[in-house]
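# Understanding the architecture of this molecule
One-letter residues, chain by chain:
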Amino acid sequence: MVKQIVRDVFFLSQKSEPATKEDLQIGRDLQDTLQANRERCVGMAANMIGVKKNIIIVNMGMIDVVMFNPAIVSKRGSYETEEGCLSLDGVRKTTRYQDIEVEYYDFNWKKQRQKLSGWTAQIAQHEIDHLSGKII
Ligand SMILES: [Zn+2]
């Protein structure tokens, strides 16, 4: 289901909780909501649709990947950049890593480990920050 985008900074600055198998529908809602905001959005965290659970979605070109309980297990090559966010106006400076490795659970609740680099890695880092209440 397409959900409303939350822009309440107080809500967005709260920490999210671990996701469980019962939360798969939230992943589907993220797919629908990203699809509906495609032209201005490349990824989202669940709190951006009003649910404080550790779930994100990351566009990887042809596909959108939903990650339940994502965690960055390694990172390499820091750089300074500027980012915008669907929940905020304008852009802000931030530090990101060129290469990261992330662990997460997929829709079949199977643990996955994936290497990401460049733009895709940057989106994942931005969305994972949302889960700890950090907005850029
Ligand atoms: Zn954001």
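What comes next concerns the included structure.

Reading the values: rules and limits
- Residues numbered from 1 in each chain as written.
- Predicted model: local features only at pLDDT ≥ 70, side-chain atom pairs only at ≥ 80, totals over all residues.
- Heavy atoms only, no water.
- Phe/Tyr/Trp six-rings, centres within 6.5 Å; stacked < 30°, edge-to-face > 60°.
- Helix = DSSP H or I, 4+ residues; strand = E, 2+ residues; numbered from the N terminus.
- Pairing = 2+ DSSP bridges.
- Axes fitted to C-alpha atoms, helices over the stretch in contact; angles between N-to-C directions.
- Contact = heavy atoms within 4.5 Å.
- Donors = N, O, S within 2.8 Å, 3.2 Å for Na, K, Ca; no water.
- Buried < 20%, exposed > 50% of the residue type's maximum accessible area, 1.4 Å probe, protein only.
- Core = buried A, V, L, I, M, F, W, Y, C linked by side-chain atoms within 4.5 Å.
- Salt bridge = Lys/Arg side-chain N within 4 Å of Asp/Glu carboxyl O.

## Looking at the packing of aromatic side chains
Each aromatic ring pair is described using two quantities: the centre-to-centre distance and the angle formed by the ring planes. Counting across every chain of the model gives three aromatic pairs. With a centroid separation of 5.4 Å and an interplanar angle of 50 degrees, the aromatic rings of Phe-68 and Trp-109 are classed as tilted. With Phe-68 in strand S3 (residues 63–84) and Trp-109 in the loop between strand S4 (91–105) and strand S5 (111–117), this pair connects stretches of sequence that are 41 residues apart. When the ring of Tyr-105 is compared with that of Trp-109, the centres are 5.2 Å apart and the planes differ by 15 degrees; the resulting orientation is stacked.

## Structural notes on the sheet that holds S5
The five strands lie next to each other as S1-S2-S3-S4-S5, forming an open sheet whose pairing is antiparallel. Looking at strand neighbours, the two that pair on one side only are strand S1 (43–45) and S5, the edges of this open sheet. Within the sheet, the average angular offset between the axes of one strand and its neighbour, ignoring direction, is 35 degrees. Relative to strand S2 (residues 55–60), S1 is paired through three bridges, and the arrangement is antiparallel. Directly across from Ala-45, in S2, lies its bridge partner Ile-56. Across the sheet, helix H2 (residues 24–36) lies against S1, S2 and S3, angled at about 40 degrees from S2, the strand it touches most.

## A few points about the coordination of the zinc ion
Coordination sphere of the zinc ion, protein contribution only: Cys-85 (SG), His-126 (NE2) and His-130 (NE2), at 2.1 to 2.2 Å. Counting gaps between the donor residues of the zinc ion yields the pattern C-x40-H-x3-H. Here Cys-85 is found in the loop between S3 and S4, whereas its partner His-130 is found in helix H3 (residues 118–131), with 45 residues between them in sequence. Assessed through its relative accessible area of 10%, Cys-85 is described here as buried. Residue classification places His-130 among the buried residues on the basis of a relative accessible area of 0%.

## Overview of the nonpolar core
Core analysis: the largest hydrophobic core is formed by 22 residues, its most contacted members being Leu-30, Met-44, Met-48, Ile-55, Ile-57, Phe-68 and Leu-86. Elements represented by at least two residues in this core include exactly H2, S2 and S3. Those residues within four positions of Met-44 in sequence are excluded, and the remaining contacts are Ile-5, Leu-30, Thr-33, Leu-34, Ile-49, Ile-55, Ile-56, Ile-57, Leu-86 and Glu-127. Grouped together as the second largest cluster of nonpolar side chains are 15 residues, Ile-56, Ile-100, Ile-123 and Leu-131 included.

## Comments concerning the pattern of salt bridges
Summed over all chains, the structure comprises 12 salt bridges. A salt bridge links Asp-23 to Lys-53; its shortest N-O distance comes to 3.0 Å. Here Asp-23, found in the loop between helix H1 (9–12) and H2, pairs with Lys-53, found in the loop between S1 and S2; they are 30 residues apart in sequence, far enough to count as distant. Each member of the pair, Asp-23 as well as Lys-53, carries the same accessibility label: buried. For Arg-38, the salt bridge is made with Asp-64, and the minimal N-O distance between the two is 2.8 Å.

None of the figures reported here should be taken as evidence of function without further support.
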